[in-house]
Amino acid sequence: MSPHPRDNSSTAQMEALRLKALELGADKATVIDTSAISVSEAVAFKCRVPRCPNYASCANCPPHAPTPEEFRRVLASFRKAILFNKRFAPEVMLSPDQEAARTEAFRSIFQLAAKLESAAFYAGHYLSFGLAAGSCRNVLCHEQKGCAVLEGKACLFPALARPSMEAVGIDVFQLAALAGWDMQPLGREAKADKVDQSSLTGIVVVG
Ligand code: SF4
């Protein structure tokens, strides 16, 4: 039997957190019911086939990240979340010569998730947690030889590092569509001049 979902957040508190996400730099933010979040083994499987270069490279990527099954069980304990999205120029997300700017774009989602998680915590929602976009190995530890956690040491960015939404099996595009946001997946072969818009999405589950 699933535990009773935590529902200690009023509409006003969730709206305050939504506004906080915008204040922290999100271009869009919305309050969602966790029951709307689709968690699928098929999403996490995309990390393996075709194999992502970050697969198994850090403590927050599959197979070390919480599995979709585990995440589904955790999510059943929560009722509300803030989904947020930040726009970036297609060149930043796609051009080979924009790697530093791209890393910064992903890093900003980690920072936003961490700061919003902290705001929720200090508002009394002490079990809140945020998920980012991309791999912390790539975004935070790209200058390191490897992931310190996988080497048995402490994480170098304990307050920032966290799994991505997709690593735990969240179907980000389905969720964006439910929020009424126009987002398309960008493949590795996509060309910046053929793409209208590009963005990254994160979430803070509030409880
Ligand atoms: S040490 Fe670096 S790569 Fe490993 S979990 Fe922490 S941030 Fe991620």
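Structure: see above.
Residues numbered from 1 in each chain as written. Predicted model: local features only at pLDDT ≥ 70, side-chain atom pairs only at ≥ 80, totals over all residues. Heavy atoms only, no water.

Asks: Describe the sheet that holds strand 4 (residues 198-206), listing the residues and the values that go with them.
Replies: As summarised here, the arrangement of the four strands in space is 1-2-4-3, forming an open sheet in which the pairing is antiparallel. Bordering the open sheet on either side are strand 1 (28-33) and strand 3 (129-131), each of which pairs with just one other strand. Recorded for the sheet is a direction-independent mean angle of 20 degrees between the axes of neighbouring strands. Where strand 2 (residues 80-88) and strand 4 come together, nine bridges link them in antiparallel fashion. Paired with Lys86 across the bridge in strand 4 is Leu200. Helix 5 (residues 99-122) contacts strand 2, strand 3 and strand 4 of the sheet and is inclined by roughly 155 degrees relative to strand 2. (Pairing = 2+ DSSP bridges. Helix = DSSP H or I, 4+ residues; strand = E, 2+ residues; numbered from the N terminus. Axes fitted to C-alpha atoms, helices over the stretch in contact; angles between N-to-C directions. Contact = heavy atoms within 4.5 Å.)

Asks: Go over the side chain of Ser164, please, and point to the residues and values.
Replies: Here Ser164 shows up in the loop between helix 6 (136-139) and helix 7 (172-178). Within polar-contact distance, the side chain of Ser164 engages the backbone nitrogen of Ala167 at 3.0 Å. Those residues within four positions of Ser164 in sequence are excluded, and the remaining contacts are Leu131, Ala132, Ala133 and Gly134. (Polar contact = N/O pair within 3.5 Å; in protein donor to acceptor, adjacent residues only side chain to side chain.)

Asks: Tell me what's going on with the site of the ligand, and back it up with residues and numbers.
Replies: Inspection of the region around the ligand gives 13 residues, with Cys136, Cys141, Cys147, Cys155 and Leu156 positioned closest. Here the residues of the shell around the ligand are counted per class, giving 11 nonpolar, one polar and one charged. (Near = heavy atom within 4 Å. Nonpolar A, V, L, I, M, F, W, Y, C, P; charged D, E, K, R; others polar.)

Asks: I'd like to hear about the side chain of Ser108, residue by residue, with values.
Replies: Locating Ser108 in the fold gives a position in helix 5. Within the local environment of Ser108, its side chain forms a polar contact with the backbone oxygen of Ala105, the two atoms lying 2.6 Å apart. When neighbours within four sequence positions are excluded, Ser108 is seen to be in contact with Lys86 and Phe88.

Asks: Residues and numbers for helix 5, please.
Replies: Residues spaced three or four apart along an α-helix face the same direction, because each turn holds 3.6 residues. Here helix 5 is 24 residues long and its end C-alpha atoms lie 35 Å apart, about the 34 Å a rise of 1.5 Å per residue gives. One or two positions beyond helix 5, positive phi appears at Gly124, with a value near 105 degrees. (Expected span 1.5 Å × (residues − 1).)

Asks: With reference to specific residues and values, describe the packing of helix 1 (residues 11-23) against helix 5.
Replies: Where helix 1 contacts helix 5, the axes come no closer than 10 Å and their chain directions differ by 150 degrees. Classified by the interaxial angle, the pair formed by helix 1 and helix 5 is roughly antiparallel. Seen along the crossing, helix 1 lies across helix 5 with a hand that is right-handed. From helix 1, Leu17, Lys20 and Ala21 reach across to helix 5, where they touch Leu112, Leu116, Ala119 and Ala120. Across the contact of helix 1 with helix 5, the residue classes tally to six nonpolar, no polar and one charged. (Parallel < 35°, antiparallel > 145°, perpendicular 65-115°, else oblique. Left-handed = near helix turned anticlockwise from the far one by under 90°.)

Asks: Could you give an account of unusual backbone geometry, with specific residues and numbers?
Replies: Omega for the peptide link from Val49 to Pro50 comes to -10 degrees, which places this bond in the cis form. Among the secondary structure elements, Pro50 is positioned in the loop between helix 2 (41-45) and helix 3 (68-75).

Asks: Give me the lowdown on the packing of aromatic side chains, citing residues and values where you can.
Replies: Throughout the structure, instances matching the rule amount to three aromatic pairs. Ring geometry for Phe71 and Phe129: centres 6.1 Å apart, planes at 85 degrees, overall edge-to-face. Of this pair, Phe71 sits in helix 3 while Phe129 sits in strand 3, placing them 58 residues apart in sequence. Judged on exposure class, the residue Phe71 and its partner Phe129 are both buried. Taken together through their ring pairs, the aromatic side chains of Phe71, Phe78 and Phe129 make up a single cluster. (Phe/Tyr/Trp six-rings, centres within 6.5 Å; stacked < 30°, edge-to-face > 60°. Buried < 20%, exposed > 50% of the residue type's maximum accessible area, 1.4 Å probe, protein only.)

This is a description of form; function is not addressed.
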